[in-house]
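# Topology and contacts: notes
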Amino acid sequence: GENVEQHPSTLSVQEGDSAVIKCTYSDSASNYFPWYKQELGKGPQLIIDIRSNVGEKKDQRIAVTLNKTAKHFSLHITETQPEDSAVYFCAAPSGGYQKVTFGTGTKLQVIP
Amino acid sequence: GAVVSQHPSRVICKSGTSVKIECRSLDFQATTMFWYRQFPKKSLMLMATSNEGSKATYEQGVEKDKFLINHASLTLSTLTVTSAHPEDSSFYICSATRETLHNEQFFGPGTRLTVL
């Protein structure tokens, strides 16, 4: 099965700075990598995803990069704002139809 | 968008009782629904995969007689925690997928279960 590692577990940044969260995966056949944001007491929300046929995808202040050779992908948040504070999870397909394995999560704190 | 709802959002029950949690896809037909459990400050742990009209597939270590899953239609799946005990207290989250080539999952808001 897929093994997904996520770092760091916690991250504090000053408002306006950038935040980067990294994940590695083990299955070279994986082809879809979503990122989720989870606020306290709520379910995860998909914020961006990337397919294996591209190396980078951007959506306003959020971008994801993928390195298939090294089997890692990263979430980049620029110009961070206090409302970006949440727990972020990466995920990768884990065998079985439509199943994914989640990373361990990164608690991001944006300090005003 | 793809909206998934869960009901109830919060439930408190006595030990030994059963609790049913509903998961609905509001604006799309879900080919597959997943049920997760999340402990405080931890990641999501997949409990089972549910497909409409067929038996759920449980992950290793998850008791199927303890956590009953019914997927009656393409928009509704239910999770029943039977004979609940305090150790079953947790945050339960469902997700639903559409028939696409990829594994996009859309999550419900979660249900906080507290067993006294």
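### Things to note about the interface of chain A and chain B
- Each partner contributes to the interface: chain A provides 19 residues, whereas chain B provides 24 residues.
- Here chain A and chain B share two salt bridges between them.
- In this structure, lysine 99 of chain A and glutamate 59 of chain B form a salt bridge, with 2.8 Å as the shortest nitrogen-oxygen distance.
- At the boundary of chain A and chain B, one finds six residue pairs in polar contact (both at pLDDT 80 or more).
- No other element matches the three residues that strand 4 (residues 32-38) of chain A contributes to the side of chain A that touches chain B.
- Taken together, the residues of the side of chain A that touches chain B sort by class into eight nonpolar, seven polar and four charged.

### Quick look at the sheet that holds strand 1 (residues 4-7) of chain B
All names here are of chain B.
- Here four strands make up an open sheet; going across it, the order is 1-3-8-7 and the pairing antiparallel. Of all the strands in the sheet, just strand 1 and strand 7 (67-73) have a single pairing partner and so form its edges. Averaged over all adjacent pairs, the angle separating strand axes in this sheet is 15°, with direction ignored.
- Sheet topology places strand 1 next to strand 3 (residues 19-25); four bridges connect them, and they run antiparallel. Residue glutamine 6 lies in a different strand from strand 3, and its bridge partner there is cysteine 23.

### Re the state of the cysteines
Residue and element names in this part refer to chain B.
- As enumerated under the stated definition, the model contains two disulfides over all chains in all.
- Bridging cysteine 23 to cysteine 94, the disulfide has an S-S length of 2.0 Å. A torsion of 80° about the S-S bond marks the disulfide between cysteine 23 and cysteine 94 as right-handed. Remark: cysteine 94 occurs in strand 9 (residues 90-97) and cysteine 23 occurs in strand 3; sequence separation between them is 71 residues. The residues cysteine 23 and cysteine 94 share a single accessibility class, namely buried.
- Looking at cysteine 13, it has no disulfide partner, and the nearest cysteine sulfur is the one in cysteine 94, 18 Å off.

### Side note on the environment of lysine 14 of chain B
Residues and elements named next belong to chain B.
- Mapping lysine 14 onto the fold places it in the loop between strand 2 (10-13) and strand 3.
- Along the sequence, lysine 14 and alanine 84 sit 70 residues apart, while their C-alpha atoms lie 7.6 Å from each other.
- Those residues in contact with lysine 14, other than ones at most four positions away along the chain, are Ala84, Val115 and Leu116.

### Examining the pattern of salt bridges
- Tallied over the full model, the rule gives nine salt bridges over all chains.
- With a shortest N-O distance of 2.7 Å, lysine 66 of chain B and aspartate 88 of chain B are connected by a salt bridge. Of the two residues, lysine 66 of chain B sits in the loop between strand 6 (57-58) and strand 7 while aspartate 88 of chain B sits in the loop between strand 8 (76-81) and strand 9, which places them 22 residues apart along the sequence.
- Among the charged side chains, a salt-bridge network with shared partners connects Asp49, Arg51 and Lys57 of chain A together with Glu104 of chain B.

### A word on the side chain of serine 30 of chain A
Residue and element names in this part refer to chain A.
- Mapped onto the fold, serine 30 is located in the loop between strand 3 (19-24) and strand 4.
- Take serine 30: its relative accessible area is 2%, and that puts it in the buried class.
- At 2.5 Å, the side chain of serine 30 forms a polar contact with the side chain of glutamate 2.
- Ignoring sequence-local partners within four residues, the contact set of serine 30 consists of Glu2, Tyr25, Ser52 and Pro93.

### Some points on the sheet that holds strand 1 (residues 5-7) of chain A
Residue and element names in this part refer to chain A.
- A sheet is described by the order of its strands in space; here five strands give the open sequence 1-3-8-7-6, paired in antiparallel fashion. For this open sheet the edge positions go to strand 1 and strand 6 (56-59), each flanked by a neighbour on one side alone. Looking at each pair of strands side by side, their axes are set apart by 15° on average, direction ignored.
- Inspection of the sheet shows strand 1 paired to strand 3 by three bridges, in the antiparallel sense. Within strand 3, the position partnered with histidine 7 by the bridge is lysine 22.

Reading the values: the criteria
Residues numbered from 1 in each chain as written. Chains lettered and ligands numbered in written order. Predicted model: local features only at pLDDT ≥ 70, side-chain atom pairs only at ≥ 80, totals over all residues. Heavy atoms only, no water. Contact = heavy atoms within 4.5 Å. Salt bridge = Lys/Arg side-chain N within 4 Å of Asp/Glu carboxyl O. Polar contact = N/O pair within 3.5 Å; in protein donor to acceptor, adjacent residues only side chain to side chain. Helix = DSSP H or I, 4+ residues; strand = E, 2+ residues; numbered from the N terminus. Nonpolar A, V, L, I, M, F, W, Y, C, P; charged D, E, K, R; others polar. Pairing = 2+ DSSP bridges. Axes fitted to C-alpha atoms, helices over the stretch in contact; angles between N-to-C directions. Disulfide = S-S within 2.5 Å. Buried < 20%, exposed > 50% of the residue type's maximum accessible area, 1.4 Å probe, protein only.

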